[in-house]
Amino acid sequence: QGTVGSDLEPNYDGCDMKMVNGATLQTVVNGEDFGLVRPSGLALTDELLFITDNWTSRILAFDRETWELVDYLDTQLEPGSLNGMELGPDGSLYYTDVLGNRVYRVRVPAE
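As the structure is a computational prediction, the values presented were derived from the model and not from experiment.

(A) A look at the sheet that holds strand E7 (residues 82-87). The strand order across the open sheet built from 3 strands is E7-E8-E9, with neighbouring strands paired in antiparallel fashion. Every other strand in the sheet has two partners, leaving E7 and strand E9 (102-106) as the edge strands with one partner each. The mean angle between the axes of side-by-side strands here comes to 25 degrees, regardless of whether they run parallel or antiparallel. Examined bridge by bridge, E7 and strand E8 (residues 93-97) share 4 bridges and lie antiparallel to one another. Among the inter-strand pairings, glutamate 86 is bridged to a residue of E8, identified as tyrosine 94.

Given below as structure tokens:
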């Protein structure tokens with residue numbers, strides 16, 4: 001339970017960046033335990049936390065209650081390629097390949 005503090009500087013892109021004072025930090029996923037080398041992005045659903053790893057080109061999915069690994073996707077991109085990701089309104093997962101200059105979509109099958 002932190003409180004919003006002063007502006008962060010330097011602010012190169014003009015977004016609203018603030019200090020958070022008195023916040024308690026908690027490690028929910030220890031990257032070494034799951035082979036993460038360079039975590040590079042994350043996305044949340046109500047049930048899952050997705051983490052991309054830039055070096056291994058994997059996307060890992062963790063249960064948000066237990067923080068256990070529930071699944072992963074090996075994108076087979078070149079090391080250093082996988083960067084950020086986002087979830088679409090239809091549940092599709094989009095991720096970027098910065099070295100290949102591409103954006104990929106993983107479609108979620110209809111139930």
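(B) Spotlight on the nonpolar core. The biggest cluster of nonpolar side chains holds 9 residues, and these are Ala43, Phe50, Ile59, Ala61, Leu77, Leu82, Met85, Leu93 and Tyr95. Counting residues per element, the ones that place at least two in this core are strand E5 (58-63), E7 and E8. Not counting residues up to four positions away in its chain, the partners in contact with leucine 77 are Ser57, Leu82, Tyr95, Thr96, Asp97 and Tyr104.

(C) Up close: the packing of aromatic side chains. Within this structure, the stated rule accounts for 2 aromatic pairs. Both rings, one in phenylalanine 34 and one in phenylalanine 62, keep their centres 4.9 Å apart while their planes meet at 80 degrees; by these two values the pair is edge-to-face. Taken together, the positions of phenylalanine 34 in the loop between strand E2 (18-21) and strand E3 (39-44) and phenylalanine 62 in strand E5 put the pair 28 residues apart, joining distant regions of the chain. Look at phenylalanine 62 and you get buried, because its relative accessible area is 0%.

Calculation criteria
Residues numbered from 1 in each chain as written. Predicted model: local features only at pLDDT ≥ 70, side-chain atom pairs only at ≥ 80, totals over all residues. Heavy atoms only, no water. Pairing = 2+ DSSP bridges. Helix = DSSP H or I, 4+ residues; strand = E, 2+ residues; numbered from the N terminus. Axes fitted to C-alpha atoms, helices over the stretch in contact; angles between N-to-C directions. Core = buried A, V, L, I, M, F, W, Y, C linked by side-chain atoms within 4.5 Å. Buried < 20%, exposed > 50% of the residue type's maximum accessible area, 1.4 Å probe, protein only. Contact = heavy atoms within 4.5 Å. Phe/Tyr/Trp six-rings, centres within 6.5 Å; stacked < 30°, edge-to-face > 60°.

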